[in-house]
Protein chains: 8
Amino acid sequence: MRASSDSRPRVGILMGSQGDLPKMGKAAEVLQTFGVPYEILVLSAHRLPDRVAEYAAQAEGRGLRVLIAGAGMANHLAGAIAAHSLLPVIGVPLSSSALNGVDALYSTVQMPSGVPVATVAIDGATNAAYLAVEILALADDQLKKRLKELRAAERAKLEAGSKKPG
Amino acid sequence: MRASSDSRPRVGILMGSQGDLPKMGKAAEVLQTFGVPYEILVLSAHRLPDRVAEYAAQAEGRGLRVLIAGAGMANHLAGAIAAHSLLPVIGVPLSSSALNGVDALYSTVQMPSGVPVATVAIDGATNAAYLAVEILALADDQLKKRLKELRAAERAKLEAGSKKPG
Amino acid sequence: MRASSDSRPRVGILMGSQGDLPKMGKAAEVLQTFGVPYEILVLSAHRLPDRVAEYAAQAEGRGLRVLIAGAGMANHLAGAIAAHSLLPVIGVPLSSSALNGVDALYSTVQMPSGVPVATVAIDGATNAAYLAVEILALADDQLKKRLKELRAAERAKLEAGSKKPG
Amino acid sequence: MRASSDSRPRVGILMGSQGDLPKMGKAAEVLQTFGVPYEILVLSAHRLPDRVAEYAAQAEGRGLRVLIAGAGMANHLAGAIAAHSLLPVIGVPLSSSALNGVDALYSTVQMPSGVPVATVAIDGATNAAYLAVEILALADDQLKKRLKELRAAERAKLEAGSKKPG
Amino acid sequence: MRASSDSRPRVGILMGSQGDLPKMGKAAEVLQTFGVPYEILVLSAHRLPDRVAEYAAQAEGRGLRVLIAGAGMANHLAGAIAAHSLLPVIGVPLSSSALNGVDALYSTVQMPSGVPVATVAIDGATNAAYLAVEILALADDQLKKRLKELRAAERAKLEAGSKKPG
Amino acid sequence: MRASSDSRPRVGILMGSQGDLPKMGKAAEVLQTFGVPYEILVLSAHRLPDRVAEYAAQAEGRGLRVLIAGAGMANHLAGAIAAHSLLPVIGVPLSSSALNGVDALYSTVQMPSGVPVATVAIDGATNAAYLAVEILALADDQLKKRLKELRAAERAKLEAGSKKPG
Amino acid sequence: MRASSDSRPRVGILMGSQGDLPKMGKAAEVLQTFGVPYEILVLSAHRLPDRVAEYAAQAEGRGLRVLIAGAGMANHLAGAIAAHSLLPVIGVPLSSSALNGVDALYSTVQMPSGVPVATVAIDGATNAAYLAVEILALADDQLKKRLKELRAAERAKLEAGSKKPG
Amino acid sequence: MRASSDSRPRVGILMGSQGDLPKMGKAAEVLQTFGVPYEILVLSAHRLPDRVAEYAAQAEGRGLRVLIAGAGMANHLAGAIAAHSLLPVIGVPLSSSALNGVDALYSTVQMPSGVPVATVAIDGATNAAYLAVEILALADDQLKKRLKELRAAERAKLEAGSKKPG
């Protein structure tokens, strides 16, 4: 279904500061596994607000389909992206403060009506990427096939690994 | 892009008990506004687990594209759906217990790797529907157009309503 | 010290939605008591982000000295204002959700380095205005005088009202 | 009272992932102390849902009397087991996330009416096993005797160890 | 299996104060549905500690098999019962304080090793009774049969009530 | 005022397990500083309930005036002591669990009417001893004198240590 | 032991604002029951700090033996009293804010070393008075006798009221 | 605008104990960057209350314009300063206890009406200083210029550092 000749990034992974890279990089790894082109950037909602607004506003035109945003503390990044784009935005609350990520969770998930952020677990960048793949797979049969193969493979491995009762 | 002749439901709205209808019905209202066909069911992950598994496993084949699941307390519904389907699953934590929905929020959002649930705010059924529309609009240009028109209209209304400084 | 001929608003009171007016209006009452010119607007960080950015960026030039921003849930309004202005920004977390304002408190106060928000109590719009007056009074001797008189008057009243031990 | 010739496992210890073994293994140690036959498996409610359903549905027929399920984050394992079996299910919330187990506690204990999970402390696998033994001992006089002896022995040791006031 | 001629109470329902009766009475209703003989008492761990100790110590000898204890605030009742008996003890945290039952939940569930309390949801007296029935049914085939019939009946009713997708 | 010839312990320091000694030992150090005779014991409310009841019931007759009880998790020790004695009981919540002492704090402080526990900070054994000394000093002029001297000395030291503004 | 001719107040009940009277008045009722002379005042740590300091510093000289302080939100009243007096200070956190008293509880109980506040339950003014009576009774045999009588009477009433098992 | 010949400290940085210096020293670093004269002192609201009152009362007369107060646990320092001064007071909750700073946050931010404390993030001393600079810059054009230059420089650096999408 999808035009395979388009190699532009389809997922944008954003994070609030350079220090979030070890956690947010896991999203990139998942997307690589699935062969989904992506881009990854450090962008702070509070320190570079105009750049965030510009990025979000142009994302759809640049061919992006899903945006993933991770940040700690008062995580406004995902919400700021969602305010400037109608693409699905996935928020990853990060546990980088004394509050262990509860602050980031509440700041990410408690969005007002009309501006949703699809929130995953604290430090859940892996699942953010899986969710992005599920969304992209709705219009990409090959991706859907790979998603099913991967889940089947994982289940087979887990089945084998679970100790059988005698 | 989308075959307009297909009138099957594209979004499934599930809730844990009949009492959740006033809150979850708001998702249906939003989908109606956008003209997105949907179905709405009461299904409990704990009281009808096989039915939930069956529903989730058959959803994609029945033409559904996005599943929304709302429940209170230990909200396992969204997670159970996500365990049996590779469609994007949106979880709505409901504030129906003494804990005001913190229990449902944690039960919905803190999913393990590989099985994401896109979580929205406590009692945030409206945003669950908006998120579903954003996802569907990725492959439905008319829906994208309506989404943009609605956001523009809302902003115009808000602009007009905000008291101007003299 | 202050040029008394300048009747432009010196404090901007912003709130995320029309429904916040009963709570945020208390800030206006305090400013009226002190004779401080102010303006009051409904502006949502998520629904009118460009308007918020524009307002914040122009605030200093329009003669504003202190900005007060109140919102509930994931309160990004104060942070968004602070990202676009170097005026002191006072954030008021509002208790308008199932989480009773803890979400708004964390979203308001847990700001990253370099972009402070002066946060007051949940629903503490009155204190937001007092804080604004204290800030303005640093360069306005008459205001300082009124502030001292008011505190003295309140203490005298409280002194009188406290039942004396025999 | 109990047919001693039956050496089939009477308690099933389940855990959400291999990494939970150090914590959940403590339940096995307690059961060994009491000579209660058990089996221990890794089974994820989200990654192997059909296997969990099958295990729970067959447990009673296989001679199991009590099921213990431990998992972290959004712990749905105990609830999923309870949804497919009428054996007593004991849930152990594990502290394997940024939220230190509060997420797992709420996900385990806040079950809807009709599907109970007997929840013990965060990381309380030892007590899960004691509770299982108490339940089994209701119909096993020898086990009851051993339980009483053990508690008496522990109390004697504690009595001896508590420094006496002069 | 069970001697049907024994009509002594098999479940003891205890609560910390008379005011807890509306909540704890739901446990009695469930036991009545199943025809399980029970007794219900008001006993405070803090106001009648010796009576609680005596009750717990004598419970097994009086024919009781499971004890259910509900209390609010610092709920020590379940723990105190568990300290004086080796019968399974089920704790019901009640939401009777400013903390909405979180205090009672923590006080009930966070028991030290060797003295388990099977904790159910905040205000979850209904599930406490279901759990008691599941435990009793391990050695009472008729009760097991009734439990299965009831769950089947409930599921049939829920199946019928869930709106079918077209 | 106090008969100096009485060398019996006046304060009893109790703790739930041997592992609490490093934290609870600080209370002993403070009492030594003030020359207040004390005794220190390991007594678990759940593992040695009769011993706890006996200790509390005999405490007043043995000359004790204040009881300090520290425990972690579901801290019932202080409450159990208070249920069996009319001496002032001071509770020290300990941070020995995944919940960092919030469980112990709530279990200690949220006592029902008529059975108070004077609760100090999490891990606040030092202050428990200070509070005991303040209570004893009400009827012991020498102790009061020492208390005043110590506070004065500490303030002098702090005054000296605080860097003076130029 | 106590000079009965001294009719000066022995307990001071303080509260942060006039609105706290319905809750804090319960402490006065308990003291009246025991015939303990008391005084009750409205004093705010933040609005009348010098008055609070003066009151605390003079309390001992005026014959007061125990001070009870109740306040909501950031409850500094008990701590401020404790900073200016070496009498035992009992703190009552009040649930007068959006945070339901958790803010007041933490502000009251988490005192630094050397300045203890004996904290009771949220809104626990009744227990504050009981604790004061227990402290006073250490040096007042008649009060101790009344305390024992009252507890015995309450227990007898509770014993009678607890439904007996058949 | 500001008389450059006045070299007296304009910001006072206070902290509850010597151990807070590593965290609170960051405020001093920021002020040095901006060339704002400051003083830094250790002052405990509970251990040196009169000194705190005296400091706060004299601060304005000594030329101070903004006061920053940081403390952990029950942080009463900022509130006590605010009670004795009409200068803007900035509170920094410190994460020095088992509660990770939630206690300090609530104790700092939940101030009663009329006595505001401008609260920043847990351990947010850097932002406390930025906020102080923003306040001072209202009446100091050179400082405003430096503030703008610094923010511009930081944004330029962040812009350069953010990986560009291809």
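Definitions and cut-offs
- All residue numbers refer to positions counted from 1 along the written sequence of the respective chain.
- For this description, chains carry letters from A and ligands carry numbers from 1, given in the order in which they are written.
- In keeping with the predicted nature of the model, local features appear solely for residues at pLDDT of at least 70, side-chain atom pairs appear and are counted solely at 80 or more, and the whole-chain, interface and lining totals rest on all residues.
- Side-chain figures throughout are based on the complete set of non-hydrogen atoms in the structure, without hydrogens or water.
- Helix and strand definitions here come from DSSP, where helices need a minimum of 4 consecutive H or I residues and strands a minimum of 2 consecutive E residues; each element is numbered from the N-terminal end.
- Between the two quantities, the radius of gyration covers C-alpha atoms and the globule rule is 2.2 Å times the number of residues to the power 0.38.
- Think of it in three bands: residues with accessible area under 20% of the maximum for their type are buried, residues over 50% are exposed, and the middle band is partly exposed, with areas taken using a 1.4 Å probe on protein chains only.
- Following DSSP output, two strands are said to pair if at least two bridges run between them.
- A clockwise course of the path from the first strand over the helix to the second, judged with the strands pointing away from the viewer, identifies a crossover as right-handed.
- Two rings from Phe, Tyr or Trp (for Trp, the six-membered ring) form a pair when their centres are within 6.5 Å of each other. A pair whose planes differ by under 30 degrees is stacked, one over 60 is edge-to-face, and the rest are tilted.
- Geometry is summarised by axes, namely lines fitted to C-alpha atoms with helices restricted to the contacting stretch, and by angles between N-to-C directions that run from 0 to 180 degrees.
- Each angle receives one of four descriptions, namely roughly parallel if under 35 degrees, roughly antiparallel if over 145, roughly perpendicular if within 65 to 115, and oblique otherwise.
- Any two residues having at least one pair of non-hydrogen atoms within 4.5 Å are treated as being in contact.
- When residues are sorted by character, Ala, Val, Leu, Ile, Met, Phe, Trp, Tyr, Cys and Pro go into the nonpolar class, Asp, Glu, Lys and Arg into the charged class, and all the rest, Gly among them, into the polar class.
- Once two parts are brought into contact, the accessible area they lose, counted with a 1.4 Å probe and summed over both, makes up the buried area.
- What counts as a salt bridge is simple: a side-chain nitrogen of Lys or Arg found within 4 Å of a carboxyl oxygen of Asp or Glu.
- For the least-squares superposition of copies, only C-alpha atoms count, and only for residues with pLDDT at least 70 in both.
- What a helix is expected to span follows from its residue count: subtract one and scale by 1.5 Å.
- Our arc is simply the arc of the directions from the helix axis toward the C-beta atoms.
- Should the near helix be turned anticlockwise from the far one by less than a right angle, the crossing is termed left-handed; should it be turned clockwise, right-handed.
- Two N or O atoms form a polar contact when they lie within 3.5 Å of each other; inside protein one atom must be a possible hydrogen donor and the other a possible acceptor, and for residues adjacent in sequence the pair counts only when both atoms belong to side chains.

## A short note on the overall build of chain A
Counting its regular elements, chain A contains six helices and five strands. Secondary structure elements of chain A, listed N to C terminal, follow the sequence β-α-β-α-β-α-β-α-β-α-α. A globule of 166 residues ought to have a C-alpha radius of gyration of about 15 Å, and chain A, at 17 Å, matches this closely. Once the C-alpha set of chain A is aligned to its principal axes, its extents read approximately 55 × 45 × 30 Å. For chain A, with 166 residues in total, the buried portion stands at 66%.

## Details of the pairing of strand E2 (residues 38–42) of chain E
Residue and element names in this part refer to chain E. Within E2, four of the five residues are buried, which leaves it mostly tucked inside the rest of the structure. Relative to E2, strand E1 (residues 11–15) runs parallel, the two being bridged by five bridges. Note on E2: the bridge partner recorded for leucine 14 is leucine 41. After leaving E1, the chain enters helix H1 (residues 21–34) and then returns to the sheet as E2, a path that is right-handed.

## Structural notes on the packing of aromatic side chains
For the coordinates displayed, the defined rule picks out 12 aromatic pairs over all chains. Between the aromatic rings of tyrosine 106 of chain G and tyrosine 106 of chain H, the centroid separation amounts to 6.0 Å while the plane-to-plane angle is 10°, which identifies the pairing as stacked. Of this pair, tyrosine 106 of chain G sits in helix H4 (residues 102–109) while tyrosine 106 of chain H sits in helix H4 (residues 102–109), which puts the two residues in different chains. The class of tyrosine 106 of chain H is buried, set by a relative accessible area of 5%.

## Section: the packing of helix H4 (residues 102–109) of chain A against helix H4 (residues 102–109) of chain B
Two elements in contact, H4 of chain A and H4 of chain B, have axes whose closest approach is 13 Å; the angle formed by their N-to-C orientations is 90°. On the basis of the axis angle, H4 of chain A is roughly perpendicular to H4 of chain B. The segment H4 of chain A lies against H4 of chain B, with Val102, Leu105, Tyr106 and Val109 of chain A engaging Val102, Leu105, Tyr106 and Val109 of chain B. Looking at the contact of H4 of chain A with H4 of chain B, its residues break down into eight nonpolar, no polar and no charged.

## A few points about the interface of chain F and chain E
Taken residue by residue, the interface counts 23 residues in chain F and 23 residues in chain E. Both sides together, the interface formed by chain F and chain E hides about 2100 Å², and carbon and sulfur atoms give 64% of it. The three residues of chain F that bury the most area against chain E are His46, Tyr106 and Gln110 of chain F, which together make up 29% of that side's buried surface. Our count for the chain F to chain E interface comes out at zero salt bridges.

## Let's talk about the relation of the copies chain F and chain E
Mapping chain F onto chain E calls for a screw motion: a turn of 180° about the axis and a shift of 0.0 Å along it, with 0.0 Å RMSD after fitting. Look at the turn and shift together and you get a two-fold axis relating the two. Across chain F, the smallest distance between a C-alpha and the rotation axis is recorded for serine 107 of chain F, namely 2.5 Å. Of the interface residues in chain F, 100% have counterparts in chain E that sit at the interface too, so the contact is made through matching surfaces.

## Quick look at the relation of the copies chain D and chain E
Each copy of the sequence occupies a distinct position, and chain D is placed on chain E by a rotation of 180° and an axial shift of 0.0 Å, giving an RMSD of 0.0 Å. With an isologous cut-off of 70% or more, the 100% of interface residues of chain D that recur at the interface of chain E puts this contact in the isologous class.

## Describing the pattern of salt bridges
If you walk through the whole model with that rule in mind, you get 56 salt bridges over all chains. With a closest N to O distance of 3.5 Å, lysine 148 of chain C and glutamate 60 of chain H form a salt bridge. Taken as a pair, lysine 148 of chain C in helix H6 (residues 141–161) and glutamate 60 of chain H in the loop between helix H2 (49–59) and strand E3 (66–72) lie in two separate chains rather than in one. Look at lysine 148 of chain C and you get partly exposed, because its relative accessible area is 40%. Between glutamate 54 of chain G and arginine 51 of chain G there is a salt bridge; the shortest N-O distance is 3.4 Å.

## Quick notes on the arrangement of the chains
A gap remains between chain B and chain H, which never touch, and the nearest two C-alpha atoms on either side lie 17 Å apart. Nothing in chain D touches chain H, and the closest approach of their C-alpha atoms is 13 Å.

## As for helix H1 (residues 21–34) of chain G
Residues and elements named next belong to chain G. Over its 14 residues, H1 runs 20 Å from end to end, which matches the ideal 20 Å to within 8%, given 1.5 Å per residue. Residues of H1 that are buried include every one of Met24, Gly25, Ala27, Ala28, Val30, Leu31 and Phe34, and no others. For H1, the secondary structure elements touched by its buried residues are strand E1 (11–15), strand E2 (38–42), strand E3 (66–72), strand E4 (89–94), helix H5 (125–137) and helix H6 (141–161). Residue glycine 35 follows H1 closely and has a positive phi angle near 70°.

## Overview of helix H6 (residues 141–161) of chain A
With 21 residues, H6 of chain A should reach 30 Å at 1.5 Å per residue; the first-to-last C-alpha distance of 30 Å fits that figure. Of the positions making up H6 of chain A, those classed as buried are Leu143, Lys144, Leu147, Arg151 and Arg155 of chain A. Seen from one end, H6 of chain A has its buried residues packed into an arc of 105°, which puts them on one side. Across H6 of chain A from its buried face, at more than 90 degrees, point the exposed residues Gln142, Lys145, Lys157 and Ala160 of chain A. At its buried positions, H6 of chain A is contacted by helix H1 (21–34) and helix H5 (125–137) of chain A, helix H3 (77–83) of chain B together with helix H2 (49–59) of chain D.

## Remarks on the packing of helix H5 (residues 125–137) of chain F against helix H6 (residues 141–161) of chain F
A pair of packed helices can be characterised by two numbers: the angle between their axes and the separation between those axes. All names here are of chain F. At a minimum axis separation of 8 Å, H5 and H6 run at an interaxial angle of 135°. Between H5 and H6, the interaxial angle falls into the category oblique. By crossing handedness, the relation of H5 to H6 is classed as left-handed. The segment H5 lies against H6, with Tyr130, Val133, Glu134, Leu136 and Ala137 engaging Leu143, Lys144, Leu147, Leu150, Arg151 and Glu154. When the residues that make up the contact of H5 with H6 are grouped by side-chain class, the tally is seven nonpolar, no polar and four charged.

## Quick word on the side chain of aspartate 20 of chain G
With respect to the element layout, aspartate 20 of chain G can be found in the loop between E1 and H1. Discounting chain neighbours no more than four positions away, the residues touching aspartate 20 of chain G are Met15, Gly70, Ala71 and Leu94 of chain G.

## So, the interface of chain D and chain E
Every contact between the two is made by 41 residues of chain D and, on the other side, 41 residues of chain E. Between chain D and chain E, a total of about 3500 Å² is buried, with carbon and sulfur atoms accounting for 56% of that surface. Applying the counting rule to chain D against chain E returns four salt bridges. For lysine 144 of chain D, the salt bridge goes to glutamate 60 of chain E, with nearest N and O atoms at 3.3 Å. Counting every contact that joins chain D to chain E gives 25 residue pairs in polar contact (both at pLDDT 80 or more). Mapped by element, the contributors of at least two residues to the side of chain D that touches chain E are helix H3 (77–83), helix H4 (102–109), strand E5 (118–119), helix H5 (125–137) and helix H6 (141–161) of chain D. For the side of chain D that touches chain E, the element with the most residues is H5 of chain D, which contributes six residues. Looking at the side of chain D that touches chain E residue by residue, the class counts come to 26 nonpolar, eight polar and seven charged.

Honestly, that's just the spatial picture; any functional story needs more than this.
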